Amino acid sequence: MVTWYCRVCGLDYDESPWGPNENAPDHSICECCGAEFGYHDHTPASTRQYRATWLANGALWFYPKLKPEGWLLAEQLEQIPDMYL
Ligand SMILES: [Zn+2]
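Here goes a summary of the coordinates provided.

Calculation rules
Residues numbered from 1 in each chain as written. Predicted model: local features only at pLDDT ≥ 70, side-chain atom pairs only at ≥ 80, totals over all residues. Heavy atoms only, no water. Helix = DSSP H or I, 4+ residues; strand = E, 2+ residues; numbered from the N terminus. Rg over C-alpha atoms; globule rule 2.2 N^0.38 Å. Buried < 20%, exposed > 50% of the residue type's maximum accessible area, 1.4 Å probe, protein only. Lys, Arg positive; Asp, Glu negative; His and termini not counted. Salt bridge = Lys/Arg side-chain N within 4 Å of Asp/Glu carboxyl O. Polar contact = N/O pair within 3.5 Å; in protein donor to acceptor, adjacent residues only side chain to side chain. Contact = heavy atoms within 4.5 Å. Donors = N, O, S within 2.8 Å, 3.2 Å for Na, K, Ca; no water. Expected span 1.5 Å × (residues − 1). Arc of directions from axis to C-beta.

When helices and strands are tallied, the protein shows two helices and two strands. Each helix (α) and strand (β) of the protein, taken in turn from the N terminus, gives the series β-β-α-α. Its C-alpha atoms give the protein a radius of gyration of 12 Å, within 12% of the compact-globule value 12 Å for 85 residues. If you line up the protein on its principal axes, its C-alpha atoms span 35 × 30 × 20 Å. In the protein, which comprises 85 residues, the proportion classed as buried is 34%.

Written out as structure tokens, the structure reads:
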């Protein structure tokens, strides 16, 4: 079950890397955008800044082998939580 979406790129996760109360980031790396949870997505402003850089660099997957067949960037971006847009 999907319970969390990356604030930077919108990738879906089964568990929040910010912990059950959204206040204890594990500082793992988003497999898609490469953001460090708890650092790059710490505030809406830092999230937007990291996203802009990631998009400007071609929106490449941090772990290319995990990129799904037929992946669509636009669809994933729609999953970003509103306050981080
Ligand atoms: Zn991400």
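Don't stop here, the text continues.
By secondary structure assignment, the location of aspartate 41 is in the loop between strand 2 (12–13) and helix 1 (44–56). Of the side chains with opposite charge, arginine 7 comes closest to the buried, unpaired aspartate 41, at an N-O distance of 4.3 Å. At 2.6 Å, the side chain of aspartate 41 forms a polar contact with the backbone nitrogen of glycine 38. Not counting chain neighbours up to four residues away, the residues in contact with aspartate 41 comprise Trp4, Arg7, Val8, Trp18, Glu36, Ser46, Thr47 and Tyr84.

At 2.3 to 2.4 Å from the zinc ion lie its protein donor atoms, namely Cys6 (SG), Cys9 (SG), Cys30 (SG) and Cys33 (SG). Sequence positions of the donors to the zinc ion reduce to the motif C-x2-C-x20-C-x2-C. With cysteine 9 in the loop between strand 1 (4–5) and strand 2 and cysteine 30 in the loop between strand 2 and helix 1, the pair connects residues that are 21 residues apart, well separated along the chain. Each member of the pair cysteine 9 and cysteine 30 is classed as buried.

Negative phi characterises most residues that are not glycine, and trans characterises most peptide bonds. Backbone geometry places glutamate 22, a non-glycine residue, at a positive phi of 60 degrees. With respect to the helices and strands, glutamate 22 occurs in the loop between strand 2 and helix 1. Among the residues examined, glutamate 22 registers a relative accessible area of 34% and is labelled partly exposed. The backbone of histidine 27 sits at a positive phi, close to 60 degrees, despite the residue not being glycine.

Okay, helix 1 next. Taking 1.5 Å as the rise per residue, helix 1 with 13 residues should run 18 Å; its terminal C-alpha atoms sit 18 Å apart, in good agreement. Those residues of helix 1 lying buried are Thr47, Tyr50, Arg51 and Trp54. For helix 1, the buried positions fall inside an angular range of 100 degrees around the axis, keeping them on one side. Along helix 1, exposed side chains directed more than 90 degrees from the buried face belong to Gln49 and Ala56. Packed against the buried residues of helix 1 are helix 2 (73–77). Following helix 1 by one or two positions, glycine 58 adopts a phi angle in the positive range, close to 105 degrees.

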